[in-house]
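Read off the chains here:
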Amino acid sequence: MLETTIAAIRAADEAAMAAARELHGRLTKPAGSLGALEELSVRLAGLAGVCPPPLPEPAAVAIFAGDHGVHAQGVSPWPQEVTAQMIGNFLAGGAVVNAFARQAGASVTVVDVGVATPLPTDPAVLDPAVLDPAVPRLVVASVRQGTRDLTVTAALTRDEALAAVQTGIRIADELIDAGAGILLTGDMGIGNTTPAAVLIAAFTGADPLDTTGRGTGVDDPTYAHKVAVVRAALARHTPDPADPLGVLAAVGGLEHAALAGLILGAAARRTPVLLDGVIAVSAALAAAAFAPAAVDAMVAGHRSAEPGATVALRHLGLDPLIDLGLRLGEGTGALLALPVVTGAVRVLHEVATFDSAGVAEK
């Protein structure tokens, strides 16, 4: 599945991008007056291979959840059980992501790809072919109950990492087959900013001090310890960025690997994927290592307050749409950026040209 998905990923269509730039030049507005929105709409035309591109709707959020053996190193003040408890909150509709998803009319799919503790709810019997914004859906696709401690051994075997990547591809296909016009990344996993920091350092070559943040708000001694844990993981495994599956296996999380698969699956289907925070962009680095053209499907929703997110976005060549100092995860920043993406495309569909509106050009 991974090989065929990668083979299906193609670079942006230059003719469609040129047509979008030409159309922007004829719309009733000064050239360039919409700033970054214009280039975003051009990129989306290139991804779709047509101008104007399809409106990015309906939107589907996929929240991948997993736990981490490195939690035993004291990198987070939160107990590991919170991961499963938050899944219950997502499914009950009580989390921030649910509030933002209702506002955006987006569906929410929660995927247990590796939670370590029992879930507080059973999977509902919901039709995967129906995207219902009112009813969050749970998919149980657990590869293993949390990763191993990456400071001691590889977090995953290659087969486990591959299974998680392929889960993400499958979820992308399911959501797109159900009609989703854009996928939004979400994540949940206590301690998951530590493997994200290792992944970002591994793929970009940046110093761990620049890729490691405070996650849920650790104090200074815990932060210093967290940076040391990231350095130790890199020294132990010396991950090779030319082998993205090996990197994910050595130092990644199950949700990171699944998110990389979701991004690859979306790119193969020429469907935009709106990235959330530091977990998503660390996964995006892996996706780009598998298939560089996958970057053409990525839209950076926001700039996370986690410093590694800026390092990763710079490496990917992506500019975030909003910057609000967010560091929650779940898909919240991507959901807030969604109207910006939709607006960028709607301009190409609905704004009159100078000729059609009878407006004189300069």
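Here the residue numbers are simple positions, counted from 1 along each chain's written sequence. Two thresholds apply to this predicted model, a pLDDT of at least 70 for residue-level local features and 80 or more for giving and counting side-chain atom pairs, whereas whole-chain, interface and lining totals are computed over all residues. Values shown for side chains rest on all heavy atoms present in the structure; no hydrogens or waters enter the calculation.

Quick reminder of the rule: UniProt positions are given in the numbering used here, feature names are shortened, and annotations may be inferred rather than shown by experiment.
Taking an unreviewed UniProt entry as the reference, the protein chain is identified by name as Nicotinate-nucleotide--dimethylbenzimidazole phosphoribosyltransferase belonging to Micromonospora noduli. The Function (unreviewed entry) comment attached to the protein chain in UniProt states, word for word, "Catalyzes the synthesis of alpha-ribazole-5'-phosphate from nicotinate mononucleotide (NAMN) and 5,6-dimethylbenzimidazole (DMB)." Listed in UniProt under the heading Sequence similarities (unreviewed entry), the comment for the protein chain reads: "Belongs to the CobT family."

1. Details of the pairing of strand β4 (residues 182–188)
Inclusion rule: Burial status follows relative accessibility: with a 1.4 Å probe on protein chains alone, a residue under 20% of its type maximum counts as buried, one over 50% as exposed, and anything between as partly exposed. Secondary structure elements are defined from DSSP: runs of H or I of at least 4 residues count as helices, runs of E of at least 2 residues count as strands, and each element is numbered from the N terminus. Two strands are counted as paired when DSSP detects at least two bridges linking them.
Along β4, seven of the seven residues are buried, which leaves the element largely enclosed by surrounding structure. A two-sided burial pattern is seen for β4, the buried positions comprising I182, L184, G186 and M188 on one face and L183, T185 and D187 on the other. Looking at chain direction, β4 and strand β5 (residues 273–275) are connected through two bridges and run parallel. The partner of L184 across the bridge, within β5, is L274.

2. A few points about the nonpolar core
Selection rule: Here the nonpolar core consists of buried residues drawn from Ala, Val, Leu, Ile, Met, Phe, Trp, Tyr and Cys, with membership extended through side-chain atoms lying within 4.5 Å. Note that domain bounds follow an automatic or database assignment of domains. Whether two residues are in contact is decided by their heavy atoms: any pair within 4.5 Å suffices.
One finds L183, L262 and M298 to be the most contacted residues of the largest nonpolar core, which totals 81 residues. When residues in this core are grouped by element, the largest group, 11 residues, is from helix α12 (residues 278–290). Formed jointly, this core draws a minimum of three residues from each of two domains, domain 1 (1–53 + 348–357) and domain 2 (59–340). When sequence neighbours within four positions are dropped, the list of residues in contact with L262 reads A62, F64, G168, I169, I171, A172, L183, T185 and V273. Counting residues in each nonpolar core, the second largest holds 34 residues, with A95, V115, L335 and V345 among its members.

3. Regarding the pattern of salt bridges
Put simply, the rule reads: Whenever Lys or Arg places a side-chain nitrogen within 4 Å of a carboxyl oxygen from Asp or Glu, that contact is recorded as a salt bridge.
This model, assessed by the stated rule, comprises 15 salt bridges. For the salt bridge of E39 with R21, the shortest nitrogen-to-oxygen distance reads 3.5 Å. Of this pair, E39 sits in helix α3 (residues 36–48) while R21 sits in helix α2 (residues 14–26), and the two are 18 residues apart along the sequence. Note on E39: relative accessible area 36%, which makes it partly exposed. Among the residues examined, R21 registers a relative accessible area of 42% and is labelled partly exposed. The partner of R26 in a salt bridge is E22, and the shortest N-O contact between them spans 2.7 Å. Taken together, the positions of R26 and E22, both in helix α2 and four residues apart, correspond to about one turn of that helix. Overlapping salt bridges bring together E57, R346 and E350 as one network.

4. A short note on the domain arrangement of the protein chain
The following threshold applies: When two parts are put together, the accessible area they lose, computed with a 1.4 Å probe and summed over both, is reported as buried area.
Looking at the assigned domains, one finds that the protein chain contains domain 1 (1–53 + 348–357) and domain 2 (59–340). Spacing between the C-alpha centres of domain 1 and domain 2 amounts to 28 Å. The interface is formed by 17 residues belonging to domain 1 together with 24 residues belonging to domain 2. Summed over both sides, the interface of domain 1 with domain 2 buries roughly 1700 Å², with 70% coming from carbon and sulfur. For domain 1, the biggest contributors to the area lost against domain 2 are L2, I9 and L47; these three give 37% of the whole. Across the domain 1-domain 2 interface, the total number found is zero salt bridges.

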